[in-house]
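# Chain and residue survey
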Amino acid sequence: MLPSLSICRARRHDEYAAYFSYPHRCSGCHGSLRKGATGPNITAEKMSKKSLAELEKMIYDGTDAGMPGWGRTGELNREEAALMAKFMQLPAPIPPEMGLKAMKATHKLYVPVADRPTKPEHKRDIDNYFGVILRDAGKGAIIDGGTKKTVAVLDTGYAVHIFRASATGRYFYTVGRDGKLTLIDLYEKKPRVVAESRVCLDARSVDVSKYKGPKGDFVDKYAVVGCYWPPQMVVVDGQTLEPIKVISTRSSTYDTNEYHPEPRVAAIVASHHAPEWVVAIKETGMVWLVDYSDLDNLSMTQIATERFLHDGGFDVTGRYLLIAANMRDQIVVVDTKDRKFVTKFETGTKPHPGRGANWVDPEYGPVSATTHLGEGLITVYGSDPKGHPEHAWKVVREEETGGPGLFLKTHPKSEHIWTDATLSKEEGANQQICVFKKSAFDDGMKCWKATDHGKIVHFEYNKAGDEVWASVWDRKGELIIYDDKTLKEKKRIKGDWVVTPTGKWNVYNTVHDIY
Ligand code: DHE
């Protein structure tokens, strides 16, 4: 994954293996420069204080703090774990930069805009299409949520992290860990990739411009990719993916005002009421409101919040961003209308809401919630400062789940909140699905074992909000579809092509931020 420029920095042959393994397995949590974020600081200076045997054990077996055991998951053998331990005691090689010229050289326009259909070439309901990541196959599937038929399986590139629907719902954008961006046209009879470009060496997020109003019509005009490395965001043409502008995130931490060489772009959400992207800058703890209405005279508001921002989404009104500062055990609230920090509050060990879940609690009114990476806990907080100011941004309920998890999801028409326990180390717990009833949250969860292989991860509703899709995450992957009311299984989508399904996105729910 890392270009040849830096290979010369890895001094011995046996260091190469570790050199190439690090960006795949470790840098997501620890950073390319190893200064720490979701995982701790593991710079050579710190690692040299530990023995090689200690490091090797940690790498092979994992830790109670949540680090995966790469030997136990079968991804590194003993010899490779030992090499990685040695590599940890060497200074971190600095990956190369990537500028507009290099990005433009990767740009491919397979179908020019003028050659694309002007209306759908089929009678299916595009709003109810699902985009599904097939992670280790380097592919993405488009599935019709009505008929459950797979309409296309497309080459999207290495370990796609997320899909985002365009503001019109006509396109899906995908971005992979290698920074490759693709544009999928859903008007085509058989959806296909109509453009691609690689704009980072490591990336996790993408969104589109959604604003139409007095400041102009920006619907599907631009897309923005959030890079982990180089630390920057990249604006591309929303219709062709041609790279347009690079915005570096190298800057200072919100609290100590010290320069950070690697502030990575975590979640990005597109505002519905202003021509802005709401961008979480992980290491510095800033939320940037980036105004895309005049890219040549770029303006942005930089809001100081909390460090190690990760994932989040809007409250039900679309005004407040609720985002996890996961290594600070906090949820941060930003008012995107008044453009300011509101508050932050503790929830549990390493909150991880995904985009979150919004519903109306019978006692506390509109609430939102998060799961946690570090413990089996769902925490619910008031999110209606206008109607229920006494509960706003305060924890109102907490319930145990089946174990440390990654995602939770609900829908305004649903009676339930669905959670996974993907990170649980307890036998079978990560193969369970648990649901809470919105009307009787205190009654606790109802859980069942959904699979005897792989792990359950991530949920998405159909457009009507009466079905829920869950992934069975392994090479023999499956998608399980449940009736949300009765909790009965309706269908399993399986096949050789269903390899490591992770995230899934319904077009309508993604366009309208329904979660
Ligand atoms: Fe994710 C969202 C980063 C590991 C599946 N993940 C996100 C977002 C970020 C992020 C910043 C928010 C994007 C947005 O909304 O714009 N994820 C990271 C990491 O840094 C981390 C911890 C380690 C890494 O090396 O990447 C990581 N993520 C994972 C996984 O292991 C998962 C389960 C499978 C995979 O693809 O590797 C995974 N992440 C997801 C999914 C979402 C996500 C499915 C979107 C949730 C949604 O409902 O929108």
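Residues numbered from 1 in each chain as written. Predicted model: local features only at pLDDT ≥ 70, side-chain atom pairs only at ≥ 80, totals over all residues. Heavy atoms only, no water.

## Observations regarding the coordination of the iron atom of the ligand
Quick note on the threshold: Any N, O or S atom lying within 2.8 Å of the metal counts as a donor, and for Na, K and Ca the limit rises to 3.2 Å; water is left out, so some sites can look incomplete. A run of H or I in DSSP becomes a helix once it reaches four residues, and a run of E becomes a strand once it reaches two; helices and strands are each numbered from the N terminus.
Just one protein atom donates to the iron atom of the ligand; it is His161 (NE2), sitting 2.1 Å from the metal. Examined against the element boundaries, histidine 161 turns out to sit in strand β5 (residues 160-165).

## Details of the packing of aromatic side chains
What counts here: Classification of ring pairs uses Phe, Tyr and Trp, with its six-membered ring standing for Trp, and accepts pairs whose centres are within 6.5 Å; under 30 degrees between planes counts as stacked, over 60 as edge-to-face, and the remaining range as tilted. Exposed residues in this analysis have more than 50% of their type's maximum accessible area, buried residues have under 20%, and partly exposed residues fall in between, with area computed by a 1.4 Å probe over protein chains only.
A complete count under the given rule lists 16 aromatic pairs for this structure. Judged by centre distance (5.7 Å) and plane angle (85°), the ring pair of tryptophan 418 and tryptophan 448 falls under edge-to-face. Within this pair, whereas tryptophan 418 is found in strand β30 (residues 416-419), its partner tryptophan 448 is found in strand β32 (residues 446-449), the two being separated by 30 residues in sequence. Ring plane angle 15° and centroid distance 4.6 Å describe the contact between phenylalanine 436 and phenylalanine 441, whose orientation is recorded as stacked. Exposure remark for phenylalanine 436: the relative accessible area of 0% places this residue in the buried category. Judged by its relative accessible area of 1%, phenylalanine 441 is buried.

## A look at the side chain of arginine 355
Rules: Note on definitions: a residue-residue contact is assigned when non-hydrogen atoms from the two residues lie within 4.5 Å.
Here arginine 355 lies in strand β25 (residues 351-361). Assessed through its relative accessible area of 10%, arginine 355 is described here as buried. Not counting residues within four places of it along the chain, the set of residues in contact with arginine 355 comprises Arg164, Gly312, Gly313, Lys409, Glu460, Trp505, Thr510 and Tyr515.

## Considerations on the environment of proline 93
Among the structural elements, proline 93 can be located in the loop between α5 (78-88) and α6 (100-106). Since its relative accessible area comes to 14%, proline 93 is described here as buried. In the structure, proline 93 is positioned 147 residues away from threonine 240 in sequence and 34 Å away in space, judged by C-alpha atoms.

## Focus on the sheet that holds strand β2 (residues 129-134)
The line we're drawing: By definition, two strands form a pair when at least two bridges between them are found by DSSP. Axis definition: a line fitted to C-alpha atoms, limited for helices to the stretch in contact. Angles are taken between N-to-C directions and run from 0 to 180 degrees.
Read from one edge to the other, the open sheet built from four strands follows the order β4-β3-β2-β37, with strand pairing classed as antiparallel. Here the strands that pair on one side only, and so sit at the sheet edges, are β4 (150-155) and β37 (501-506). Here the strands of the sheet are splayed against their neighbours by 20° on average, with no regard to which way each runs.

## Points about the site of the ligand
Our working definition: We call a residue near a given molecule or strand whenever any one of its heavy atoms falls within 4 Å of it. Any N or O atom pair separated by 3.5 Å or less is treated as a polar contact, with the protein-specific requirement of one donor-capable and one acceptor-capable atom, and with residues adjacent in sequence counted only for side-chain atom pairs. Under the scheme applied, nonpolar residues are Ala, Val, Leu, Ile, Met, Phe, Trp, Tyr, Cys and Pro; charged residues are Asp, Glu, Lys and Arg; polar residues are all the others, including Gly.
Among the 22 residues in the neighbourhood of the ligand, the closest are listed as Arg135, His161, Arg177, Arg204 and Tyr228. The contact in question runs from an oxygen atom of the ligand to an N or O atom on the backbone of glycine 28, over 3.4 Å. Here an oxygen atom of the ligand sits 2.7 Å away from a polar atom, N or O, in the side chain of arginine 135. Elements that contribute at least two residues to the shell around the ligand include exactly β5, β9 (202-208), β17 (265-270) and β37. Across the shell around the ligand, the residue classes tally to nine nonpolar, seven polar and six charged.

## Quick look at helix α4 (residues 52-61)
Within α4, burial applies to Leu55, Ile59, Tyr60 and Asp61. Looking at the buried residues of α4, the elements they touch are α3 (44-47) and α5. Two residues or fewer after α4 comes glycine 62, characterised by a positive phi angle close to 80°.

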